[in-house]
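# Geometric and topological summary
What follows is each chain in one-letter form.
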Amino acid sequence: MEIRIEWSYKTAKGTEAFFRSEEFPAAHALLIAEDIQKTGRVKSLEFVDRFDSSWTLKELKAYLKGIETEPHNVNVYFDGGFDKETGRAGLGCVIYYEQSGKAYRLRKNVEVAELSSNNEAEYAALHMSVQELERLEVHHLPVVFRGDSNVVANQMSGEWPVYENDLSRWADRIEQSLNRLGIQAQYELIPRKANAEADRLAAQALRGIEISGTMELEKS
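Figured I'd write up the structure that's included with this text. (Residues numbered from 1 in each chain as written. Predicted model: local features only at pLDDT ≥ 70, side-chain atom pairs only at ≥ 80, totals over all residues. Heavy atoms only, no water.)

## Details of the pairing of strand β9 (residues 142-147)
Where we set the bar: For every residue, the accessible area (1.4 Å probe, protein chains only) is compared with the maximum for its type, and the residue is labelled buried under 20%, exposed over 50%, or partly exposed between those bounds. Secondary structure elements are defined from DSSP: runs of H or I of at least 4 residues count as helices, runs of E of at least 2 residues count as strands, and each element is numbered from the N terminus. Should DSSP find at least two bridges between two strands, the strands are taken to pair.
Where burial is concerned, most of β9 is hidden: six out of the six residues are buried. Neither face of β9 is open: one carries Pro 142, Val 144 and Arg 146, the other Val 143, Phe 145 and Gly 147, and all of them are buried. Here strand β6 (residues 72-83) pairs with β9 via three bridges, running parallel. Paired with Val 76 across the bridge in β9 is Phe 145. When β9 meets strand β10 (residues 184-189), the two strands line up parallel, connected through six bridges. Bridge pairing in β10 links Arg 146 to Glu 188.

## Quick word on the sheet that holds strand β11 (residues 212-217)
Put simply, the rule is: To get an axis, fit a line to the C-alpha atoms, keeping to the stretch in contact for a helix; angles then go from 0 to 180 degrees between the N-to-C directions. Working rule for contacts: check all heavy atoms of both residues, and any pair within 4.5 Å makes them a contact.
The strand order across the open sheet formed by six strands is β10-β9-β6-β7-β8-β11, and the pairing between neighbours is mixed. In the strand order of this sheet, the two ends are held by β10 and β11, each with one partner. Neighbour to neighbour, the strand axes of the sheet diverge by 20° on average, direction disregarded. For β6 and strand β7 (residues 88-99), the ladder comprises 10 bridges, and the chain directions are antiparallel. For Phe 78, the partnering residue across the bridge sits in β7 and is Cys 93. Running at roughly 150° to β6, helix α3 (residues 118-135) makes contact with β6, β7, β8 (102-112), β9 and β10 of the sheet.

Below you can see the structure in the form of structure tokens.
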């Protein structure tokens, strides 16, 4: 979870000022906040997440302790490819997360039929990503979903309306799953080049190459 620190400060002569930090990973923000408090001049301090929810120092500590052994800091990349000639689609997703002090990457792809467009394939890839999150037992956490589909990113974030019935059904299905899991979804539109890993998985699925697995990564 990315979070910023907001605090008011009072000098020895009584001058007061308000400060707001840039966003940091929650654990990093906690360390900085504890160091700031050591000055003894902090009047008030709170943390604010990307959904503008406020957290106290005690609440953030409890949150971080509670998620130590569960998947957290979850970032999802998804992509769908559609072959008009065959009517088949390739779906790909890559999920980065941390658990018990270690970092992991999950990769998954699948070939499916009975879709009608590239936009529907993109939605199906996002839905597959959410299914994988459920298998990982990700719940009640903010999750960033990154893809290169203008349609999916803008419709799922509420910027664009969904007129097509087939896309509306996918959107409803995804929202229902996210609500059931308590996942706070944030959608980011990224360039295709930045989504190369998920794009490659989708292309491999269309070629009949099935990939499914999780590997531990070196933490930076």
